Amino acid sequence: MKILVTGGCGYIGSATARWLHRRGVEVSVIDDLSEGHRRAWDGALAELDLLDRDACHRWLADQHFDGVIHFAARCYVGESVQQPVRYWRANVVPLIHLTEVLEGVPIVFSSSCATYGFPRTPTLAEDHPQQPVNPYGATKLAAERLLNDRDAAGLGRFAALRYFNAAGASADGRHGEHHDPETHLIPLAIRAALGQGSPLTVFGTDWDTPDGSCIRDYIHVDDLASAHYRALEHLLEGGESDVWNLGTGRGSSVIEVIETVGRLCGTPVPHEIGPRREGDPQTLVANADKARRDLGWEPAYRELAALVETAVRWHKQQPAGYA
Ligand code: UFG
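Residues numbered from 1 in each chain as written. Predicted model: local features only at pLDDT ≥ 70, side-chain atom pairs only at ≥ 80, totals over all residues. Heavy atoms only, no water.

(A) Main features of the packing of aromatic side chains. Taken as a whole and judged by the stated rule, the model has 2 aromatic pairs. The interplanar angle of 25° and the centroid separation of 6.0 Å between the aromatic rings of W59 and F65 together place this pair among those described as stacked. With a relative accessible area of 4%, F65 lands in the buried category. A ring pair is formed by W314 and Y322, whose centres lie 5.0 Å apart and whose planes are at 50°; its orientation type is tilted. The ring of W19 carries the charged tip of R23 above its face, separated from the ring centre by 3.8 Å. (Phe/Tyr/Trp six-rings, centres within 6.5 Å; stacked < 30°, edge-to-face > 60°. Buried < 20%, exposed > 50% of the residue type's maximum accessible area, 1.4 Å probe, protein only. Lys NZ or Arg CZ within 6 Å of the ring centre and 35° of its normal.)

Structure follows, in structure tokens:
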């Protein structure tokens, strides 16, 4: 089995590429290294910009793949609000270039709970209305629609995986989250506690939640990797196209994250309370029953502390990340 992983030097892409490789899958990675890190993936790499249609088509012309897992994208919600055209180009055009060539090849797509917009129910199931409230979510939804239309025309099946908040690091502490700039809560809290970064600002404690801070569903990056493997298996066994949420179904507040990080680092997280961040939904928690039912997927990291512990190990072992 030969699988193409685009964006395979990124945070979730590299975790998935390693997961497949450990299970005997032949993995080819494409990454332009604009966001990804060469050290995140030990195997063969085609350093290629998927926005370059000719280069992309030329490279694919010489290859045969049984499936594709498409991660390559930009992933900052705030940046997408400032630079919407850049996000539409980066998050939709590469998929067009791939699907122009890879007729009939099944695609596992990296989608997001950001496609739902503001939640209307306490937990989000796949049939929740999709009304994204930022360009990032809109581009992920557009890509899902492209895949849906391609499937309806008989041009190839897909699995769209809607992640909640990806977090954590490999259990051996060798691979983890390294964004530049880093905007995500868990790495910022750990860096603040370990004295590697500035104090954390909590974006609001006046929300209508038990402790006043926002609630998210943090899902371990290796659990996302295992779900991609399951979704790929589903497609390769002839399963139908579909979408699946990936989360634990448990919400944790920002304050709970800070307390957990402080406890595991052995020192409290220096922090201050700031105003709400524009565009933040109050609560985002997955109903991921469908992935359990259809794909037989179970997240191994159910407790926040177990997940955070892996991230703390990574930040202690690799204070400069992949730099
Ligand atoms: N937060 C803070 N202070 C910070 C950073 C974050 O209080 O310095 C809070 C946020 O307000 C939010 C929570 O911590 O309540 C998590 O924030 P992250 O920035 O870590 O993650 P988001 O929930 O904003 O975004 C994540 C992914 C996106 C995805 C989105 C779906 O990073 O790629 O979930 O809404 F699109």
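Moving on, there is more to tell.
(B) Up close: the sheet that holds strand β12 (residues 252-253). Strand order in this open sheet of 3 strands is β12-β9-β14, and the pairing throughout is mixed. Strands at the two margins of the open sheet, each flanked by one partner only, are β12 and β14 (283-284). Summarising the sheet, strand β9 (residues 215-216) and β12 pair through 2 bridges and their orientation is antiparallel. Of the residues in β12, the one forming a bridge with R216 is S252. (Pairing = 2+ DSSP bridges. Helix = DSSP H or I, 4+ residues; strand = E, 2+ residues; numbered from the N terminus.)

(C) The arrangement of unusual backbone geometry in detail. Here the bond from D180 into P181 is cis, since omega is 5°, no more than 30 degrees from zero. Topologically, P181 is positioned in the loop between β7 (165-167) and α6 (185-193). Even without glycine at this site, L33 takes up a positive phi of about 60°. Mapped onto the fold, L33 is located in the loop between β2 (26-31) and β3 (45-47). The class for L33 is partly exposed, based on a relative accessible area of 24%.

(D) The domain arrangement of the protein chain, seen in detail. Annotation of the protein chain at the domain level lists domain 1 (2-166 + 218-246) and domain 2 (168-217 + 249-286 + 300-317). Computed from C-alpha atoms alone, the centre-to-centre distance between domain 1 and domain 2 is 25 Å. Contacts between domain 1 and domain 2 engage 24 residues on the former and 31 residues on the latter. Looking at the side of domain 1 facing domain 2, the largest losses of area belong to Y11, Y218 and H220, adding up to 34% of the total buried there. Counting the contacts that link domain 1 with domain 2 gives 1 salt bridge. Its salt-bridge partner being R174, residue D42 comes within 4.0 Å of it at the nearest N-O pair. (Domains from an automatic or database assignment. Contact = heavy atoms within 4.5 Å. Buried area = accessible area lost by both parts, 1.4 Å probe. Salt bridge = Lys/Arg side-chain N within 4 Å of Asp/Glu carboxyl O.)

(E) Looking closely at the pattern of salt bridges. As enumerated under the stated definition, the model contains 15 salt bridges in all. Close ionic contact of D280 with R216 constitutes a salt bridge, the shortest N to O distance being 3.5 Å. Here D280 is found in the loop between β13 (271-274) and β14, whereas its partner R216 is found in strand β9, with 64 residues between them in sequence. The buried category is assigned to D280, whose relative accessible area is 13%.

(F) Spatial organisation of the site of the ligand. Around the ligand there are 22 residues in total, and H184, T201, R216, R277 and D280 lie nearest to it. Within the contact set of the ligand, an oxygen atom lies 3.5 Å away from a backbone nitrogen or oxygen of T183. Within the side chain of R277, a nitrogen or oxygen atom sits 2.7 Å from an oxygen atom of the ligand. Isolated, the ligand exposes 690 Å² of accessible area, and the fraction of that covered by the protein chains is 90%. (Near = heavy atom within 4 Å. Polar contact = N/O pair within 3.5 Å; in protein donor to acceptor, adjacent residues only side chain to side chain. Areas by Shrake-Rupley, 256 points an atom, 1.4 Å probe, with all protein chains shown as cover.)

(G) Representation of the state of the cysteines in the model. Within the structure shown, the criterion is met by 0 disulfides. No disulfide involves C9; its sulfur sits 15 Å from that of C75, the nearest cysteine. Of the cysteine sulfurs around C214, a residue in no disulfide, the closest is that of C113, at 13 Å. A relative accessible area of 4% places C214 in the buried class. (Disulfide = S-S within 2.5 Å.)

(H) Structural view of the sheet that holds strand β6 (residues 158-163). Strands sit in the order β3-β2-β1-β4-β5-β6-β11 across an open sheet of 7 strands; the sheet is parallel. Strand pairing shows two members of the sheet lacking a second neighbour, β3 and β11 (242-246), which therefore form its edges. Across the sheet, the axes of successive neighbouring strands diverge by a mean angle of 20°, strand direction being ignored. In this structure, strand β4 (residues 67-70) lies alongside strand β5 (residues 107-112), joined through 3 bridges in parallel fashion. The residue of β5 that forms the bridge with I69 is V108. (Axes fitted to C-alpha atoms, helices over the stretch in contact; angles between N-to-C directions.)

(I) Inspection of the packing of α6 against helix α10 (residues 304-317) at higher detail. With their axes 10 Å apart at the nearest point, α6 and α10 run at an angle of 55° to one another. Considered as vectors, α6 and α10 are oriented oblique to each other. Remark: the crossing between α6 and α10 carries right-handed chirality. Here α6 contributes I186, P187, I190 and R191 to the contact with α10, which in turn contributes L307, V308, A311, V312 and H315. (Parallel < 35°, antiparallel > 145°, perpendicular 65-115°, else oblique. Left-handed = near helix turned anticlockwise from the far one by under 90°.)

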